[in-house]
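Structural characterization, general
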Amino acid sequence: MGTLKLENLHVALEDGTEIVKGVDLEVGLNEVHAIMGPNGSGKSTLSYAIMGHPAYEITEGRILLDGEDITELPANERAERGLFLAFQYPHAIPGVTVTSFLRSAINSIRKARNGGVDDPIAIPEFRKTLLGEMDRLKVSRELASRYLNDGFSGGEKKRVEILQMAMLKPRIAVLDETDSGLDIDALRVVASGVRELVSPQMGALVITHYKRILDHIEPDRVHVFVDGKIVKSGGPELADELEVHGYEEYEEAAVA
Ligand code: ADP
Ligand code: MG
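We now turn to the structure provided with this report. Every value quoted in this text rests on a predicted model; they were computed, and no experiment measured them. (Residues numbered from 1 in each chain as written. Chains lettered and ligands numbered in written order. Predicted model: local features only at pLDDT ≥ 70, side-chain atom pairs only at ≥ 80, totals over all residues.)

**Remarks on the pairing of strand β3 (residues 32-36)**
Of all five residues that make up β3, five are buried, and the element is covered over most of its length. Inspection of the sheet shows β3 paired to strand β10 (residues 203-208) by five bridges, in the parallel sense. Counterpart to A34 in the pairing with β10 is V206. Two elements, β3 and strand β11 (residues 221-226), share four bridges in a ladder whose sense is parallel. Opposite M36, over in β11, you have V224 as the bridge partner. (Buried ≥ 20, exposed ≤ 12 C-beta atoms within 10 Å, placed from the backbone. Helix = DSSP H or I, 4+ residues; strand = E, 2+ residues; numbered from the N terminus. Pairing = 2+ DSSP bridges.)

Written out as structure tokens, the structure reads:
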């Protein structure tokens, strides 16, 4: 129980091109799994499919969360069941502060869990939780009153993302780390946030091109992802091996 499970997952683009070609993976609570693969191997396609993005069609296989088949559920219902995707709100929302964004995100999940009837969190409780999490994750109070992602640095965006994760308390968090543009500050924020939040109540799947972020996270399992498939799984030492040898041997094997 308490796991994200992918069974023989195949994902195609709208034009029918198959990108993810049969992935089996199980991420448990209190575990960090890393998926590492070269550019264009289909990592983001995999994360979009896990999220329930309508442009990515699951053509075969299924996705289970805590034993429930969520393959056909829309994105919001996946979130209500405890799936969190870190790239879900990458855009600036001028006029909406970080605080009000977090409160409405929490309230929409509470509403869904309350049979569709509004059940807003009491303001004092929300404030107490928010301030507590901000202290724990070392997010400045100033950030909470700013407009979401409006002029935020990479590190600030990641801080808010991690704060959102802490507030929503997902079962499984999926972080699709962009292949470029994450500075060292942002990397550290994500890594320490993941370490801080992964617990017997939460597991994480970190998807990345570079090993850098894994130096700070120390994943339990590493999966090498090439041409839409997991070609090898192992412990954290597999990331070190990739750092030295790259993806070439796996890419050649995938083509052969
Ligand atoms: P990665 O995240 O590993 O770099 P992606 O999942 O982004 O890989 O992309 C895998 C392949 O699928 C690439 O060839 C990319 O061009 C293609 N692709 C992904 N999403 C789309 C899309 N929405 N429209 C067209 N092609 C796409
Ligand atoms: Mg990607």
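**Topic: the site of ligand 1**
Around ligand 1 sit L13, I19, G37, N39, G40, S41, G42, K43, S44, T45 and A55, and that is every residue in its neighbourhood. No other element matches the three residues that helix α1 (residues 43-51) contributes to the shell around ligand 1. Tallied by class, the residues present in the shell around ligand 1 amount to three nonpolar, seven polar and one charged. (Near = placed C-beta within 6 Å. Nonpolar A, V, L, I, M, F, W, Y, C, P; charged D, E, K, R; others polar.)

**Examining the sheet that holds strand β2 (residues 18-28)**
Consider a sheet: its strands pair through backbone hydrogen bonds, and that pairing is either parallel or antiparallel. Spatially, β2-β1-β4-β5 is the arrangement adopted by the four strands of the open sheet, whose pairing is antiparallel. Looking along the sheet, the strands with just one partner apiece sit at the ends: β2 and β5 (68-69). Across eight bridges, strand β1 (residues 3-12) lies against β2 in antiparallel orientation. Paired with A12 across the two strands is E18, which belongs to β2.

**Structural notes on the nonpolar core**
Residues A173, V174, V190, L205 and V206 are the most contacted members of the largest nonpolar core, which totals 63 residues. Of all the elements, helix α7 (residues 184-197) adds the most residues to this core, at seven residues. Excluding its chain neighbours within four sequence positions, the residues that come into contact with V206 are V32, A34, L175, E177, V194, I213, I217 and P219. (Core = buried A, V, L, I, M, F, W, Y, C linked by C-beta atoms within 7 Å. Contact = placed C-beta atoms within 7 Å.)

**Looking at α7**
Its 14 residues give α7 an end-to-end C-alpha distance of 20 Å, which sits within 8% of 20 Å, the value for a rise of 1.5 Å per residue. Those residues of α7 that sit buried are A186, L187, V189, V190, A191, G193, V194 and L197. Its buried side turned inward, α7 meets β3, α4 (123-137), α6 (154-168), β9 (172-176), β10 and α8 (212-217). (Expected span 1.5 Å × (residues − 1).)

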